[in-house]
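Structural description and commentary
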Protein chains: 4
Amino acid sequence: MAPRTIVKVDLNKPAWEQPNLHNRWHPDIPFAESIDEGETVKIECLDWTGGQIKNDDSAEDIKNVDLTRIHYLSGPFEIKGAEPGDVLVVEIQDVQPLENQPWGYSGIFAKENGGGFLDEHYPKAAKAVFDFEGIFCSSRHIPGVRFPGLIHPGIIGTAPSKEILAEWNRREGALVAENPHSTHVMAQLPNASYAFAGILADEKLSATVASEGARTIPGRPENGGNCDIKNLSRGSKVFLPVHVPGAKLSIGDLHFSQGDGEISFCGAIEMAGSITIKCKILKNGISDLAMKSPMYLPGPVEPHFSPSRYLTFEGFSVDESGKQHYLCTTTAYRQTCLRVIEYFRRFGYNDYQLYLLLSCAPIQGHVAGIVDIPNSCTTIGVPMDIFEFDVSPNGKAKIIDLGSCAFANS
Amino acid sequence: MAPRTIVKVDLNKPAWEQPNLHNRWHPDIPFAESIDEGETVKIECLDWTGGQIKNDDSAEDIKNVDLTRIHYLSGPFEIKGAEPGDVLVVEIQDVQPLENQPWGYSGIFAKENGGGFLDEHYPKAAKAVFDFEGIFCSSRHIPGVRFPGLIHPGIIGTAPSKEILAEWNRREGALVAENPHSTHVMAQLPNASYAFAGILADEKLSATVASEGARTIPGRPENGGNCDIKNLSRGSKVFLPVHVPGAKLSIGDLHFSQGDGEISFCGAIEMAGSITIKCKILKNGISDLAMKSPMYLPGPVEPHFSPSRYLTFEGFSVDESGKQHYLCTTTAYRQTCLRVIEYFRRFGYNDYQLYLLLSCAPIQGHVAGIVDIPNSCTTIGVPMDIFEFDVSPNGKAKIIDLGSCAFANS
Amino acid sequence: MAPRTIVKVDLNKPAWEQPNLHNRWHPDIPFAESIDEGETVKIECLDWTGGQIKNDDSAEDIKNVDLTRIHYLSGPFEIKGAEPGDVLVVEIQDVQPLENQPWGYSGIFAKENGGGFLDEHYPKAAKAVFDFEGIFCSSRHIPGVRFPGLIHPGIIGTAPSKEILAEWNRREGALVAENPHSTHVMAQLPNASYAFAGILADEKLSATVASEGARTIPGRPENGGNCDIKNLSRGSKVFLPVHVPGAKLSIGDLHFSQGDGEISFCGAIEMAGSITIKCKILKNGISDLAMKSPMYLPGPVEPHFSPSRYLTFEGFSVDESGKQHYLCTTTAYRQTCLRVIEYFRRFGYNDYQLYLLLSCAPIQGHVAGIVDIPNSCTTIGVPMDIFEFDVSPNGKAKIIDLGSCAFANS
Amino acid sequence: MAPRTIVKVDLNKPAWEQPNLHNRWHPDIPFAESIDEGETVKIECLDWTGGQIKNDDSAEDIKNVDLTRIHYLSGPFEIKGAEPGDVLVVEIQDVQPLENQPWGYSGIFAKENGGGFLDEHYPKAAKAVFDFEGIFCSSRHIPGVRFPGLIHPGIIGTAPSKEILAEWNRREGALVAENPHSTHVMAQLPNASYAFAGILADEKLSATVASEGARTIPGRPENGGNCDIKNLSRGSKVFLPVHVPGAKLSIGDLHFSQGDGEISFCGAIEMAGSITIKCKILKNGISDLAMKSPMYLPGPVEPHFSPSRYLTFEGFSVDESGKQHYLCTTTAYRQTCLRVIEYFRRFGYNDYQLYLLLSCAPIQGHVAGIVDIPNSCTTIGVPMDIFEFDVSPNGKAKIIDLGSCAFANS
Ligand SMILES: [Zn+2]
Ligand SMILES: [Zn+2]
Ligand SMILES: [Zn+2]
Ligand SMILES: [Zn+2]
Ligand SMILES: [Zn+2]
Ligand SMILES: [Zn+2]
Ligand SMILES: [Zn+2]
Ligand SMILES: [Zn+2]
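Quantities reported herein were computed from a predicted structural model and do not represent experimental measurements. (Residues numbered from 1 in each chain as written. Chains lettered and ligands numbered in written order. Predicted model: local features only at pLDDT ≥ 70, side-chain atom pairs only at ≥ 80, totals over all residues. Heavy atoms only, no water.)

What chain A contains, in helices and strands, is six helices and 22 strands. The globule rule puts the C-alpha radius of gyration for 410 residues at 22 Å, and the 21 Å found for chain A is close to it. Counting over 410 residues, chain A shows a buried share of 70%. Here the analysis covers contacts within chain A between residues at least 6 apart in sequence; of these, 81% occur between residues at least 24 apart. Just so you have it, chain A exposes about 12,300 Å², and 50% of that area is on carbon and sulfur atoms. When the 36 positive and 50 negative side-chain charges of chain A are each reduced to one mean point, those points stand 1 Å apart. (Helix = DSSP H or I, 4+ residues; strand = E, 2+ residues; numbered from the N terminus. Rg over C-alpha atoms; globule rule 2.2 N^0.38 Å. Buried < 20%, exposed > 50% of the residue type's maximum accessible area, 1.4 Å probe, protein only. Contact = heavy atoms within 4.5 Å. Areas by Shrake-Rupley, 256 points an atom, 1.4 Å probe, with all protein chains shown as cover. Lys, Arg positive; Asp, Glu negative; His and termini not counted. Charge placed at Lys NZ, Arg CZ, Asp CG, Glu CD.)

As structure tokens, this is what we get:
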């Protein structure tokens, strides 16, 4: 009567020893389980680091995170009857933390190990642990805020075909090749370290997947994947193109909450949990819907604040040094983030607390204007109702003792 | 008893012969009128082209628009008591079309004269005229849609100080200088053509403003200006930094509605109209609020659709040619726009109709993920309730006769 | 180009001397104007008392109001083509105050002249004048609150047929006849005093309407009328049964805002203003929609507060004296109103201010449970965001000087 | 780390043999468990009939329900430190069905056994079983509808003091005494049948509670109880007066969803489930908040439809026989219910399906006008988005095969 649970995770065992997990996109990874069209199933997922991050008051674990041991996705699942050319409609009926682990974390990676959107400004590792109380979360590391989770999977996607996989490796490889002197990592190319094709894969297949399998870091237009879309929450329907027989659906990287942009990269409230889904197949849907990238319908039960309670900040394509960029929306968004931090530090938060908060609270990040040359304008709306004190813009702020997030010792 | 109307426009007279208008940002443009703190005033505004666009079925006017004769803003207004360092809080109490001109337009500029966000794909001029029926609008050029306006000013800003103006000219000049071979116009530098310092300016001042005055095209972090933020609607409060005595507030470019991004550049439903405002001064607000760029609180009465009724499209930093860009949010947003067009053309719209619609209907454009290298992910949510037929993603679309937008003859 | 204005009112002339007004429901009142299906028209309306109430600081006018000189409705309008059996769909495209009269009032009638829902508790006359600032209103008589108007017509209805009119007179007459000793007025039967069949009616018709015409006080199931539904605001569509050729639509009693129940009877923010409508006819709609009473679709732009910001009070069918009533929802609603007043008087408001506020602010009044014998339970949700100070339930209230509403001198 | 579960129910054992349950309001019922202020606890609850209703296709169980064996509430709980005069603030952090029983039911009692709001029209027993899929529910007995649950406890309350209990018995007894010939049960007075004071109560106490204990059917102003408020969902905070040391909080009667009014009496989607709460004490809160009846703040995550998607029906104080009542809101609400049924039966539903649907879907029931003598006007808004086919009022309905709810055989 209860939905069939097709993946159960074990929080006390390495991810790579557990069944029904994997961490690469590849068409040959064996099916973990089969799902009937119309069947409701429940799927447990590890947190995205496979349990590397602890509920404590130090960010050592964040600083030293092993970024090759991540994204152990649940799946891939066979949706019976799905064929290339179809569209798979996945209804997300519910997402929940694991009952015996009612907490999650948000992290800022050190600039030299992972980094994030503001790493030029905030190079240190930091962490906030969040406790869940039903639909709400709060953190001893960022006191004074409490909000309902817009709970969702960061990653949901279908397997690429061989052709699509080859195209990914071509274009991402080209980006790396064209930027040999970049100070950033430009893209994560196939990498055998901790590559995991699932416990059903034999040695040969494992080696193939390790050498060819696409990394799970970026979302991609052809299959979705790590899109980190905060509104893909309870009740949503995701429309995914099918590229291989059975679709090979994978899910993971559950988030209790996230802000638009997930700016600190480990930026959502990351958690282990479960997701309940039901699948439907639209035969020939790719052509019938003219679909090149996934689309979705959000669910009807999002947290719900008055528009007039979103304090909204603006940013433009002029960077921190005063340099004018041409319609650069990424620059504009970074500026908008900095404006939020400058505003809220007046109340006594340190900048890393705010960088964390921007990453994981349900802030609304909009592209406001993208044609008024040379400035893109983006906005970030912060719901004032998530604060337990008055943060409205009335004048000088009264400074409060707001503690600190966790830092690494060294 | 009714609010004092401090600017009345004349739709039958050239903008540059009318009082209380101007079209440059410059600290020396004379005050048009004075406003007391706490006083409610009504201000009429021309449409952004100063009346160049007609209510007809040709896009000749759009094709041949004179883009030096635009943005005749109402103002600048003295807010009594405002001094540099203060923050001016402008409450937008209402925005309305002019009673005897209940229509507006949305346009796509020709690639060679103005262009827009998708001009590589859609180089022709096109136009849609919208009729207003109270809070709703509809267009004979885009049948099958009807929506309530999220009515707002595209431009609201304070005058720059001499120092800020110099900085604008420096940084935008540098962008142009650094890109001598660009095929796009990189920035609009000061240009004497049709520069208008207001009818109170003497010849000498007019010449100074013409040679130094900043163009009104871009929004800028220091004073707001042409931010084209769709949610700055009835009931909003804008917080603007004050850089000159009396603030010199200017307003114009009224929009009946706009989509996030205003992607066709002439992309909102542009209209002549009136705006009713009330001002408050936060003394020393720039420092007290740590303000570097404007911020705002939206009003409480936005149009209101269920989250589950926003059909939401995704786009990534992989361009039309399959080239991978590094966290380019502008590329991602362009891809998202294209996905919307591909979806809705299935119902019988032509692409220019959809480009227009995306620009002016209340679509929600979000920065979803901006850290998953190398792909930014942006989303566009299209409210399905604005369509008069069922546009939900159920399979092959039934093609309807949906007419056409207006094009230029030649 | 602008919509045709088919009624213009004159605020300086008695209502009964003006064209296109009337104040009874009767099938024979002559048409004021004709409207085409699909035509947008603008209609001005007097306030419901025909101008008896002044913008001053005394409630003498409320105390001495002449309740036979009310509800001078605009109309009746012929909708061309409407026939008995059809349904008339009226789209309310906009409602606005008159430009030169940006204020309205809310009143509490004296118990001996009009009364209201709480007149046993609050027998005195009182008044609050509200000033309009665009979409917002505030009152010098109830400081500390400010809210956006959910602007709407209190009265919209079609004319009854002769048979329906006879039935109204029968059943309302029977109620009066069966309660000869009631201390309340049970119903307002036809009454010749100030009956007004419009200036086009000749003497004989005027006499007929005076003797038979139904009073406009109650809303009625057959034609709508004075339903005082706060959500019938901009963008709504009302579906009205047609009982006479041409429908004979009448409109009036415009409200800037109202709370569910309109509990003080003169309880909305009453105003003179204009309404813009467009009509559509559903042929044979009464039968096709199985319609016995009007129905409507609200508009999409209501003021919009978070559900979590509605402080919600409960009331039950146990009256002030401790007497238990059987599933009496009216008693429960009265109790709920009293609970609101008791709560908010802690901040320094007097009870009459709160009675006025409950009547005119956008409070949500729900039937929560109507089957748990013997208690009905009703709730009233008060949006905390309409207050300029913190009214959340945290403990003892800090008393503020909140002035007073206007009272009568004597 | 997970919240402490303080009540676990056993679905295979009679309620009266299980610990921590009871079914009367009485100050002497022994504490089931103790809860610290600030502690998060999870409490399981039986469905309101203690398991009498089955997941099958017959309404025999509804017809023959034993209404003395109901409302086995979980509790009463001691909130440490709560004293008479305080206010207990209960935050409802989550409500969930039991994992292994993902279904509930809605019922219409037979007129001769329980009845309901429309029993004069619909005297037969009927039932609909609802299956839960994450946040959604649907029923094989009412096809074509599917909606997210606004999940909540029907009953939450504190124990009465001896004085309050005596007052309840006095006033409800008086109602019964004054109406000796009523055809309805006027009130449920103390009744020893299946009275259950909890397994900790000794024989003497059990007898006292059986003879004096207040029935749980009605909500009451002094302690809340069976208020059946649909919006008291996840994230709500209820403010309850404390009348006895430790507060003696009881909870039960969980609902997956309910419509305003819960009109069929067994009208919500009734279920067994769990509720997670956290308590806070406002010392001296009754006096400080001037509280006579409970109040609450709804949670921020309700299902969320556009106002323009609520098809809204009106009803007045004129009954089915054409008799005019004086401001009877109960009559008006009954009429409104009937209007909804008449409208939707056009699509092929039978009346009992619609009666069930009105009871359990998230319909909005408002008191629109309560002063326009002699008619109260109430409205019911039905969210059109819960239907899987188009139910908008465009003309004649196309009849669909919509099956049937379950009826009793005989
Ligand atoms: Zn992710
Ligand atoms: Zn993640
Ligand atoms: Zn603009
Ligand atoms: Zn514009
Ligand atoms: Zn009225
Ligand atoms: Zn009125
Ligand atoms: Zn109940
Ligand atoms: Zn129940």
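Resuming the write-up.
All names here are of chain B. Distances from the zinc ion (ligand 4) to its protein donors, D253 (OD), H255 (NE2), E270 (OE) and E270 (OE), fall at 2.0 to 2.4 Å. Here the zinc ion (ligand 4) is ringed by four donor atoms whose angles at the metal span 56 to 137°, and the overall shape comes out irregular. Between the two metal centres, the zinc ion (ligand 4) and the zinc ion (ligand 3), the spacing is 3.3 Å, with D253 acting as a shared donor. Of this pair, H255 sits in strand β15 (residues 247–255) while E270 sits in strand β16 (residues 265–270); the two residues are 15 residues apart in sequence, bridging distant segments of the chain. We note that H255, like E270, is buried. (Donors = N, O, S within 2.8 Å, 3.2 Å for Na, K, Ca; no water. Tetrahedral: all angles 85-135°; square planar, octahedral: opposite > 155°, others 65-115°.)

It is worth spelling out the interface of chain C and chain D at this point. On the side of chain D, 90 residues touch chain C, which itself brings 89 residues to the contact. Carbon and sulfur atoms make up 62% of the surface buried where chain C meets chain D, a total of about 7,300 Å² over both sides. Per-residue buried area on chain C facing chain D is highest for E314, V371 and D372 of chain C; these three make up 8% of the total on that side. The tally of links from chain C across to chain D stands at six salt bridges. Applying the counting criterion to the chain C and chain D interface returns 31 residue pairs in polar contact (both at pLDDT 80 or more). Of all elements in the fold, only α2 (162–178), β12 (219–220), β18 (295–297), β19 (310–316), α5 (329–344), β20 (364–369) and β21 (377–383) of chain C reach the threshold of two or more residues within the side of chain C that touches chain D. (Buried area = accessible area lost by both parts, 1.4 Å probe. Salt bridge = Lys/Arg side-chain N within 4 Å of Asp/Glu carboxyl O. Polar contact = N/O pair within 3.5 Å; in protein donor to acceptor, adjacent residues only side chain to side chain.)

Residues and elements named next belong to chain D. Relative to the helices and strands, K127 is located in strand β8 (residues 126–133). Judged by its relative accessible area of 0%, K127 falls in the buried class. Each C-alpha atom, one on K127 and one on E314, is 27 Å from the other, the two residues being 187 residues apart in sequence. Within polar-contact distance, the side chain of K127 engages the side chain of D61 at 2.9 Å.

Time to look at the side chain of S317 of chain C. All names here are of chain C. Relative to the helices and strands, S317 is located in the loop between β19 and α5. Reaching out from S317, the side chain makes a polar contact with the backbone oxygen of C328 at a distance of 2.9 Å. For S317, the side chain forms a polar contact with the main-chain nitrogen of S376, separated by 2.9 Å. In this structure S317 touches K323, Q324, H325, L327, C328, T331, A332, P374, N375 and S376, once residues within four positions along its chain are discounted.

As a further point, take the coordination of the zinc ion (ligand 7). A four-donor tetrahedral metal ideally has 109.5 degree angles, and a six-donor octahedral metal ideally has angles of 90 or 180 degrees. Residues and elements named next belong to chain D. For the zinc ion (ligand 7), the full set of protein donor atoms is N226 (OD1), D228 (OD), D228 (OD) and D253 (OD), and the range of their distances to it is 2.0 to 2.6 Å. Coordination at the zinc ion (ligand 7) is irregular, judged from the four donor atoms that bind it and the angles of 55 to 154° they form at the metal. The distance between the zinc ion (ligand 7) and the zinc ion (ligand 8) is 3.3 Å, with D253 acting as a donor to both metals. Classification of N226 as buried rests on a relative accessible area of 3%.

For the peptide bond that leads from G75 of chain A to P76 of chain A, omega is 0°, which places it in the cis range. Turning to its location among the elements, P76 of chain A is positioned in strand β5 (residues 73–79). Cis geometry marks the peptide bond from I373 of chain A to P374 of chain A; its omega dihedral reads 0°. Turning to its location among the elements, P374 of chain A is positioned in the loop between β20 (364–369) and β21 (377–383). For F265 of chain A, which is not glycine, the phi dihedral falls at a positive 75°. Mapped onto the secondary structure, F265 of chain A falls in strand β16 (residues 265–270). Positive phi is not limited to glycine here, since N284 of chain C has a value of about 60°. Mapped onto the elements of the fold, N284 of chain C is located in the loop between β17 (273–282) and α4 (285–288). Accessibility expressed as a relative area gives 41% for N284 of chain C, which makes it partly exposed.

All names here are of chain D. Here four bridges tie β8 to strand β9 (residues 136–139), and the two strands are oriented antiparallel to one another. By the bridge assignment for β9, F130 is matched with S139. In this structure, the hairpin formed by β8 and β9 is closed by a connection of two residues, where G134 is found at a positive phi of approximately 60°. Two elements, β9 and strand β10 (residues 146–148), share three bridges in a ladder whose sense is antiparallel. Within the sheet, the bridge partner assigned to C137 lies in β10 and is F147. Between the end of β9 and the start of β10, which pair antiparallel, lie six residues, with G144 showing a positive phi angle near 90°. (Pairing = 2+ DSSP bridges.)

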